[in-house]
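Reading the structure
Each chain is listed here by its residues.
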Amino acid sequence: MAKTLYDKLFDSHVVHEENGTALIYIDRHLVHEVTSPQAFEGLRIAGRKPWRIDSIVATADHNTPTNGWDKGLAGISDPIARLQIETLDDNIREFGAKAYFPFMNANQGIVHVVGPEQGATLPGMTVVCGDSHTSTHGAFGALAHGIGTSEVEHVMATQCLVQKKSKTMQVLVDGVLGRGVTAKDVALAIIGKTGTAGGNGYAIEFAGSAIRGLSMEGRMTLCNMAIEAGARAGIIAVDDKTIDYVKGRPLSPKAELWDAAVAYWNTLHSDSGADFDAVVMLNAEDIQPQVTWGTSPEMVVGIDGCVPSLELAKNEVQRGDWERAYAYMGLTANTPISEINIDKVFIGSCTNSRIEDLRAAAAVAKGKHIAPNVKLALVVPGSGLVKAQAEKEGLDKIFIAAGFEWREPGCSMCLAMNADRLAAGERCASTSNRNFEGRQGPGGRTHLVSPEMAAAAAIAGHFVDIRTFN
Amino acid sequence: MQAFTQLNGLVAPLDRANVDTDAIIPKQFLKSIKRSGFGVNAFDEWRYLDHGEPGMDNTKRQINPDFVLNQTRYQGASILLTRENFGCGSSREHAPWALEDFGFKVIIAPSYADIFFNNCFKNGMLPIVLSAEVIDGLFSQVAFTEGYKLSVDLAAQTVTTPSGEVHQFVVDAFRKHCLLNGLDDIGLTMQQQDKIKEFEAKHKQAQPWLFA
């Protein structure tokens, strides 16, 4: 029978199945400082050891500062944050890991940037992490999703997860993306269509010529946001781009193992004629650069659109949500998106902080300067390696000359656990993934966009259409 | 884990769709390395008028009188009635920890985000799915009846209203079994360790690069 890629990945990891509940084996466990301390503590209390230490790859990212690194750990002024980062150090020292990139290590960074760049994420793997954006790794034809802390402990103790099989959704994007239209815009356009609950209960496979046309960075951006469509996992079939990206990474297979791996990886695609429980189709040509206007990623329109009016709400519940969103965002219905002025810009996050994202933003910023009304424009590379590569290419100089701040890697103002955050009422063009109330700081107002659109907004001081911006 | 069997509890309404886990427990409280004590900061940004940080004396903070859970009539509620896609966003288990610590044992909504839904069961909480129409009805009944309580029976998979109306709900058999008996997932899985070892050996043979 023709199988979907999800079926292949799931079925090849089933240890045991009873009444529709399966125990699936986990190949890679990514760990960070925020969702792991209680899991390690649980192991300690129960006197358990990790089942397979060499499945664990850890780094500190959520809570780490993006400046003041010259002072080391002592530079973390918040003692509670410092304790959490030190606790990860202690836990890895006690329990072990295949690889650990602690705070300020040259390879440290956002766990979803670090995993792929280290070759810790491989096609065909099951990958988990106590972070919802683990869906990112599905870009490699891996079954990857976020888990809670109880499950982090469960995977550490047993190498397995208790799972029910998801339904499958194919999101087909065919055609050629227009100039200035990126994977981020595809992700937001999909969420605009399905809603943030549209993928609940599903694993999404992204397919079609526009998806095949995306780089690995773009595919990671897209799979990263599968969770914002409600799907725990987003996956893309393996092709030559996948294999080229993985080749030669520190943890990638070598020599004869490489050849055997590639032979297997080339089978990681949905069989022709495989059935999906749902199919969603978009034309690449119809997708414009997207900007969110509200407090959920589904509250999104094209750059030439307006804040929608209440008559367009699909029901009473949505009408209520929109009214609250107008008030929170300080916007009124029918305001053209291009007339919305911004106060801050954030280029970074596990969605858009890879080298390609920084190159695209730098190309827009080159030779220009941020607008006087923009108080802060932050560029936060996804990892130490991304930062080093960007500096080798001189991107840091372009950003700094244009008035941006060039920071150390980490999650930063995507979730604003560290000192990088919005003040109440401040409006931000952000390349991150969530525009929830308070996400980037209490009272902060987030508009999600692509790196190009964020850089252009920084220069113009308001949202502009990257397709006509120069 | 605490077992869950039955509950006759006061219902509090949170009439919003897409309530995300950032709203349930804001990020600044995630710096804690413990899994308890999050209840005082559940819905922190909606519940208080001032900005909350870990370690603050919450009894001295300004309460937001407009936030529904602050109303006197809902004090002591153990059932949260809410709208679709509850618990979306971040996978933080601090969200069910905060709700449980606040006093909620049962949530009733038309739908949930997958990770949050799963996390509830790991903490002895029961997230119940009822149809949007039934939920609409419950919202009106709660609004009109002070002290409105519902009876939840996990074994029978029923929610019973004060007037005796019974709503059946669906729950996965395995999760139900674990919840009714307060079973620890890890302990259960460890009973399968021979199967895990057997799988691991086969997996290593098929994909040796995963173990290199």
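Residues numbered from 1 in each chain as written. Chains lettered and ligands numbered in written order. Predicted model: local features only at pLDDT ≥ 70, side-chain atom pairs only at ≥ 80, totals over all residues. Heavy atoms only, no water.

**Quick look at the overall build of chain A**
Looking only at helices and strands, chain A has 15 helices and 19 strands in total. If you line up chain A on its principal axes, its C-alpha atoms span 55 × 55 × 45 Å. Counting over 470 residues, chain A shows a buried share of 68%. Put simply, of all contacts in chain A between residues at least 6 apart along the chain, 75% involve residues at least 24 apart. Within the structure as shown, chain A displays about 14900 Å² of accessible surface, and the carbon and sulfur contribution to it stands at 52%. (Helix = DSSP H or I, 4+ residues; strand = E, 2+ residues; numbered from the N terminus. Buried < 20%, exposed > 50% of the residue type's maximum accessible area, 1.4 Å probe, protein only. Contact = heavy atoms within 4.5 Å. Areas by Shrake-Rupley, 256 points an atom, 1.4 Å probe, with all protein chains shown as cover.)

**Quick look at the confidence of the model for chain B**
Averaged over chain B, the pLDDT score is 96; the fraction of residues at 70 or greater is 100%. For this predicted complex, the interface confidence comes out at an ipTM of 0.95, alongside a pTM of 0.97. (pLDDT = per-residue confidence, 0-100.)

**Looking at the nonpolar core**
In terms of nonpolar packing, the biggest core is built from 112 residues, with Phe404 and Phe463 of chain A together with Phe43, Phe86, Leu99, Ile108 and Leu126 of chain B touching the most fellow members. Here the element with the most residues in this core is helix H15 (residues 451-460) of chain A; it accounts for seven residues. Phe86 of chain B has contacts with Leu14, Val19, Ile24, Leu80, Leu99, Ile107, Ala109, Ser111, Tyr112, Ala113 and Phe116 of chain B, leaving out every residue within four places of it along the chain. The next biggest cluster of nonpolar side chains, apart from the first, holds 99 residues, and it includes Ala39, Val155, Ala210 and Ala278 of chain A. (Core = buried A, V, L, I, M, F, W, Y, C linked by side-chain atoms within 4.5 Å.)

**Here's the deal with the interface of chain A and chain B**
The partner chain B presents 58 residues to the 75 residues of chain A that form the contact. Regarding the contact of chain A and chain B, the summed buried area is about 5500 Å², with carbon and sulfur atoms giving 58% of it. At the junction of chain A with chain B, the criterion picks out seven salt bridges. Here Lys31 of chain B ties to Asp78 of chain A by a salt bridge, and the two come within 2.4 Å at their closest N and O atoms. On the surface where chain A and chain B come into contact, there are 29 residue pairs in polar contact (both at pLDDT 80 or more). Its residues assigned to classes, the side of chain A that touches chain B comprises 31 nonpolar, 26 polar and 18 charged. (Buried area = accessible area lost by both parts, 1.4 Å probe. Salt bridge = Lys/Arg side-chain N within 4 Å of Asp/Glu carboxyl O. Polar contact = N/O pair within 3.5 Å; in protein donor to acceptor, adjacent residues only side chain to side chain. Nonpolar A, V, L, I, M, F, W, Y, C, P; charged D, E, K, R; others polar.)

**Some thoughts on helix H5 (residues 149-158) of chain A**
Across the ten residues that make up H5 of chain A, a large majority, ten, are buried. Regarding H5 of chain A, the residues found buried are Thr149, Ser150, Glu151, Val152, Glu153, His154, Val155, Met156, Ala157 and Thr158 of chain A.

**A few points about the sheet that holds strand S7 (residues 143-146) of chain A**
Residues and elements named next belong to chain A. In spatial order, the strands read S5-S4-S3-S6-S7; together these five strands make up an open sheet with parallel pairing. Among the strands making up the open sheet, the edge pair consists of strand S5 (99-101) and S7. The average undirected angle you get between the axes of adjacent strands in this sheet is 15°. Sheet analysis places strand S3 (residues 28-31) next to strand S4 (residues 56-59), joined by three bridges and oriented parallel. Across the sheet, residue Val31 finds its bridge partner in S4, namely Ala58. (Pairing = 2+ DSSP bridges. Axes fitted to C-alpha atoms, helices over the stretch in contact; angles between N-to-C directions.)

**Things to note about the side chain of Gln440 of chain A**
Relative to the helices and strands, Gln440 of chain A resides in the loop between strand S18 (427-430) and strand S19 (445-448). Residue classification places Gln440 of chain A among the buried residues on the basis of a relative accessible area of 0%. For Gln440 of chain A, the side chain forms a polar contact with the side chain of Ser430 of chain A, separated by 3.1 Å. Excluding residues within four positions of it along the chain, Gln440 of chain A makes contact with Phe346, Met413, Cys414, Ala416, Arg421, Leu422, Cys428, Ser430, Ser432 and Thr446 of chain A together with Lys27 of chain B.

**Some remarks on the sheet that holds strand S11 (residues 233-235) of chain A**
Residues and elements named next belong to chain A. The strand order S11-S10-S9-S12 describes an open sheet built from four strands, whose pairing is parallel. Where the open sheet ends on each side, the last strands, each with one partner, are S11 and strand S12 (278-283). Averaged over all pairs of adjacent strands, the angle between strand axes in this sheet comes to 20°, irrespective of strand direction. Strand direction decides the pairing type here: strand S9 (residues 167-174) and S12, joined by six bridges, are parallel. Among the inter-strand pairings, Leu172 is bridged to a residue of S12, identified as Met281. Across the sheet, helix H6 (residues 183-194) lies against S9, strand S10 (202-207) and S12, angled at about 125° from S12, the strand it touches most.

**Concerning unusual backbone geometry**
A positive phi angle is found at Ala255 of chain A, which is not glycine, with a value near 50°. The class for Ala255 of chain A is exposed, based on a relative accessible area of 55%. The residue Asn85 of chain B is not glycine, and still its phi comes out positive at about 60°. With respect to the helices, strands and loops of the structure, Asn85 of chain B is situated in the loop between strand S2 (79-82) and helix H3 (94-102). Asn85 of chain B gets classed as buried once you look at its relative accessible area, which sits at 0%.

**Points about the pattern of salt bridges**
Summed over all chains, the structure comprises 37 salt bridges over all chains. One salt-bridge network, in which partners are shared between bridges, spans Lys3, Asp7, Asp11 and Lys165 of chain A.

**A short note on the pairing of S9 of chain A**
All names here are of chain A. Burial runs high along S9: six of the eight residues are buried. Bridging between S9 and S10 involves six bridges; their strand directions are parallel. Among the inter-strand pairings, Thr168 is bridged to a residue of S10, identified as Ala203.

**Quick word on the packing of aromatic side chains**
To describe a pair of aromatic rings, one takes the distance between the centres and the angle between the planes. Scanning all chains against the criterion turns up 20 aromatic pairs over all chains. Their ring planes at 80° and their centres at 5.3 Å tell us that Phe86 of chain B and Phe116 of chain B sit as a pair that is edge-to-face. Taken together, the residues Phe86 of chain B in the loop between S2 and H3 and Phe116 of chain B in helix H4 (residues 114-121) connect sequence positions 30 residues apart. Each member of the pair, Phe86 of chain B as well as Phe116 of chain B, carries the same accessibility label: buried. What links up through ring pairs into an aromatic cluster is the set Trp258, Tyr264 and Trp265 of chain A together with Trp209 of chain B. The ring of Tyr48 of chain B has Arg61 of chain B lying over it, and the distance from NZ or CZ to the ring centre is 3.8 Å. (Phe/Tyr/Trp six-rings, centres within 6.5 Å; stacked < 30°, edge-to-face > 60°. Lys NZ or Arg CZ within 6 Å of the ring centre and 35° of its normal.)

**Let's talk about the packing of H6 of chain A against helix H8 (residues 216-224) of chain A**
Residue and element names in this part refer to chain A. For the pair H6 and H8, interaxial distance at closest approach is 8 Å and the crossing angle is 25°. The orientation of H6 with respect to H8, classified from their angle, is roughly parallel. Here H6 and H8 pass one another in a crossing that is right-handed. Across the interface between the two elements, Ala183, Lys184, Val186, Ala187 and Ile190 from H6 touch Gly218, Thr221 and Leu222 from H8. (Parallel < 35°, antiparallel > 145°, perpendicular 65-115°, else oblique. Left-handed = near helix turned anticlockwise from the far one by under 90°.)

**Observations regarding the state of the cysteines**
One covalent bond between the sulfur atoms of two cysteine residues makes up a disulfide. Residue and element names in this part refer to chain B. Applying the stated criterion to the full structure yields zero disulfides over all chains. Between Cys88, a free cysteine, and Cys120, which holds the nearest cysteine sulfur, the sulfur-to-sulfur gap is 13 Å. Owing to a relative accessible area of 8%, Cys88 belongs among the buried residues under this scheme. (Disulfide = S-S within 2.5 Å.)

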